[in-house]
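Chain and residue survey
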Amino acid sequence: MPSDDPVDRSASPSVDETVDPPPAFVEQANVADESVYDEFAADWPDCWARAGDLLDWDREYDAVLGGEGPPFRWFDGGELNASYNCLDRHVESGRKNQVALTWEGRLGESRTYSYLELYREVNEFAAALRDLGVEEDDVVTLYLPMIPELPIAMLACARIGAPHSVVFAGFSADALATRMDDADSEYLVTCDGYYRRGAPVHQKSKADNAAIGLDHDVTTVVVDRLGDGTPLTDGEHDYDQLVGTHRGATVEPVSRAATDQLFLIYTSGTTGEPTGVRHTTGGYLAHVAWTARSVLDVKPADTYWCSADIGWITGHSYTVYAPLALGTTTMLYEGTPDYPEKDRVWELIERNAVDVFYTAPTAIRAFMKWGEKHPDRHDLSSLRLLGTVGEPINPRAWKWYHEHIGNGECPVVDTWWQTETGGMMVTTLPGVDRMKPGAAGRPLPGIGAEVVDGDGEPVDPGESGYLVLTDPWPGMPLSMVQDEDWFAARGSTRPSLDRFDWAYFTEDGATVDDDGYVTLLGRVDDVLNVSGHRFGTTEIESAIADVDGVAEAAVVAGPHDLKGEAVYAYVSLADGADRAEIRTLVDEAVEAAIGPIAVPDVVVFTPDLPKTRSGKVMRRLLESVARGEDLGDTSALRNPEVVGELESTLDDD
Ligand code: PRX
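Everything numeric here is computed off the predicted structure, so don't read it as measured data.

Okay, the sheet that holds strand 23 (residues 449–452) next. Hydrogen bonding along the main chain pairs the strands of a sheet, whether they run parallel or antiparallel. Strand order in this open sheet of four strands is 23-24-25-26, and the pairing throughout is antiparallel. With one partner strand each, in any of the chains shown, strand 23 and strand 26 (518–523) form the two edges of the open sheet. Here the average twist between neighbouring strands, direction ignored, is 45°. In this sheet, strand 24 (residues 465–469) lies alongside strand 23 in antiparallel orientation, the contact comprising four bridges. When the bridges of strand 24 are listed, Glu450 appears paired with Val468.

It is worth spelling out the environment of Asp208 at this point. Following the sequence through the fold, Asp208 ends up in helix 8 (residues 203–212). The spacing of Asp208 and Thr220 is twelve residues in sequence and 9.6 Å in space, taken between C-alpha atoms.

A few words now on the domain arrangement of the protein. Domain boundaries assigned for the protein yield domain 1 (23–47 + 285–295 + 328–521), domain 2 (82–266) and domain 3 (526–649). Distance between the C-alpha centres of domain 1 and domain 2: 29 Å. The interface of domain 1 with domain 2 comprises 18 residues on the first partner and 25 residues on the second. A combined buried area of about 1900 Å² lies between domain 1 and domain 2, and 54% of that area is made up of carbon and sulfur atoms. Area buried by domain 1 at its contact with domain 2 is led by Leu332, Glu334 and Tyr339, which between them contribute 39% of it. Our count for the contact surface shared by domain 1 and domain 2 stands at two salt bridges. Glu104 is paired through a salt bridge with Arg351; the nearest N and O atoms lie 3.0 Å apart. Linking domain 1 to domain 2 there are 13 residue pairs in polar contact (both at pLDDT 80 or more). Within the residue set of the side of domain 1 that touches domain 2, elements represented by two or more residues are strand 17 (329–333) and helix 12 (344–352). The leading source of residues in the side of domain 1 that touches domain 2 is strand 17, at five residues.

Here the focus is the site of the ligand. Near the ligand, the surroundings consist of 17 residues, among which Asp414, Thr415, Thr419, Asp508 and Arg534 are the closest. Take Arg523: an N or O atom from its side chain is 2.9 Å from an oxygen atom of the ligand. For the shell around the ligand, the elements supplying multiple residues, two or more each, are helix 11 (313–325), strand 20 (412–415) and strand 26.

For helix 4 (residues 82–95), the principal kink sits at Asp88 and spans about 35°. Within helix 4, ten of the 14 residues are buried, which leaves it mostly tucked inside the rest of the structure. Of the positions making up helix 4, those classed as buried are Ala82, Ser83, Tyr84, Asn85, Cys86, Leu87, Asp88, Arg89, His90 and Val91. Looking at the packing, one finds that the buried side of helix 4 touches strand 3 (79–80), helix 5 (115–131), helix 6 (149–160), strand 14 (261–267), helix 10 (282–294) and helix 11.

So, how was this worked out
Residues numbered from 1 in each chain as written. Predicted model: local features only at pLDDT ≥ 70, side-chain atom pairs only at ≥ 80, totals over all residues. Heavy atoms only, no water. Pairing = 2+ DSSP bridges. Helix = DSSP H or I, 4+ residues; strand = E, 2+ residues; numbered from the N terminus. Axes fitted to C-alpha atoms, helices over the stretch in contact; angles between N-to-C directions. Domains from an automatic or database assignment. Contact = heavy atoms within 4.5 Å. Buried area = accessible area lost by both parts, 1.4 Å probe. Salt bridge = Lys/Arg side-chain N within 4 Å of Asp/Glu carboxyl O. Polar contact = N/O pair within 3.5 Å; in protein donor to acceptor, adjacent residues only side chain to side chain. Near = heavy atom within 4 Å. Bend = angle between axes of the 7 residues up to and from the residue. Buried < 20%, exposed > 50% of the residue type's maximum accessible area, 1.4 Å probe, protein only.

Quick look at the structure:
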């Protein structure tokens, strides 16, 4: 691969060690037989009936995969309701008193809901939504922090066949308005505010500002989280009052076709605007339930904690839908891992006797930095399995997690997937596979994936290339199911996919070893992965470029010990602009357009951005500056003199 290939941006970690699955774990694992790989391969796509069989269908599907595709119709002809699968069937099968949801609030409060209690409140809120006018296929936007009302609202929407669009609570008013506008969403569920590190954040005022920017009316439901009683205006309703007036109501779950939309979630791509990814009801739910069962080894008797915020796909799939579909106890935590103390996570695991813990490498690196004295103070022996997701985990962090949290006795699954895949795709089966710290693993049974070069040919072991999914999978999004050219408009650097009848380029670089284990090398498009969350450089750049006094801006990823990638902004100023003032305005602009999470970690002011002779900004050079690398020959630049300036500015930072 040529040295300027974007995939070749970091050396492949050495994956020279393997860790066997602990025998005690294998003995009890949901999937412990290696033959599962061959069985799936021999019987594809019908093998996926094993996932479909985890669900209850109102109408049995006619075929596991209908259509030669695209469109691909997973569980073709089948009808089901996601809320029924997550609630009613557990209540009906005598498990109504099992805890469905355990909530740990930011101020130390906690709440639990049995399956029956959750069923009741979901029904009551579903009835309320109907009364407010929500009809099947209306998009309901949910702009809530990690409080029980969020999964309750999701399941209430699912019950009446109204797709939800959850917008991360930390996003700004502008970001909310963009998403509501794009989805034509006329219903919003939000709250008055919530606590962040003990201080209240006023969510409702952000929601109000978003509504001003919309050209349609919005019916809003407000959860009183702060307990101060929020004054409501026309078109606004108090959540508790609504549920109270529908006390005891039941709503028949609406039968949805397997390919009907369950929800919409926005993610960042290479364009300036976030992309709506629409997930299906049958394929998605089957995919997440099957992977939670086989990879996270989730069992009904478990207390399971996926720490991801529900505002992102991981929270949708593995905090809400998969664990509830499997009838386990899922834990929801509103707080941050270091408040009030840095042992908060371990205290919660001990107190709730958590069996399975699934988190992000960025959190693991923070835990590592804070030191093992925090977990050491707690009894973590309830843990059986650990998982990570969202970004590559370096072998040192993997080993620390394995040793200090899992006591060397819990398998660690490094799960690779994306918003677009809906559920896990490349990882290890903990009851079957050896683990390799730093490598995610092989494609799961029934998943086709290859690492290819620019011509679409498989790379040799150890060579870097592009990760491509070569077969459709049940959790594939509706957008991809329906649209043959879904990918045509995306990404500028992509391998040729002509060799395949159908393939999806993930926009990730990867290597593969002799055993077929895939090691991820990061995105090859203009998407940053900050603390495991995706942001398009264009989104951030356009917010910065809107600041008065800014002439031009380019945003790239720089190194960050904890967050994985940091946001580096290179900004050239109009004559006479004041740097200190602009720095504040840049932060405010990004916070207003997206949210605090995307605010640049480093802003470098430069008289000019380095450009090619044709006038294109040289992002790769900016990335090298951010990483402090040798820049090599820069004579091909139109303005090579700017480079020295950039380097010295960064030294001063
Ligand atoms: O670059 C990959 C990285 O996160 C991207 C997907 O981000 P998002 O859609 O926000 O979903 C995150 C949660 C599934 C991927 O393109 N990524 C995700 N998991 C891993 C990963 N990179 C390396 N290893 C992983 N386990």
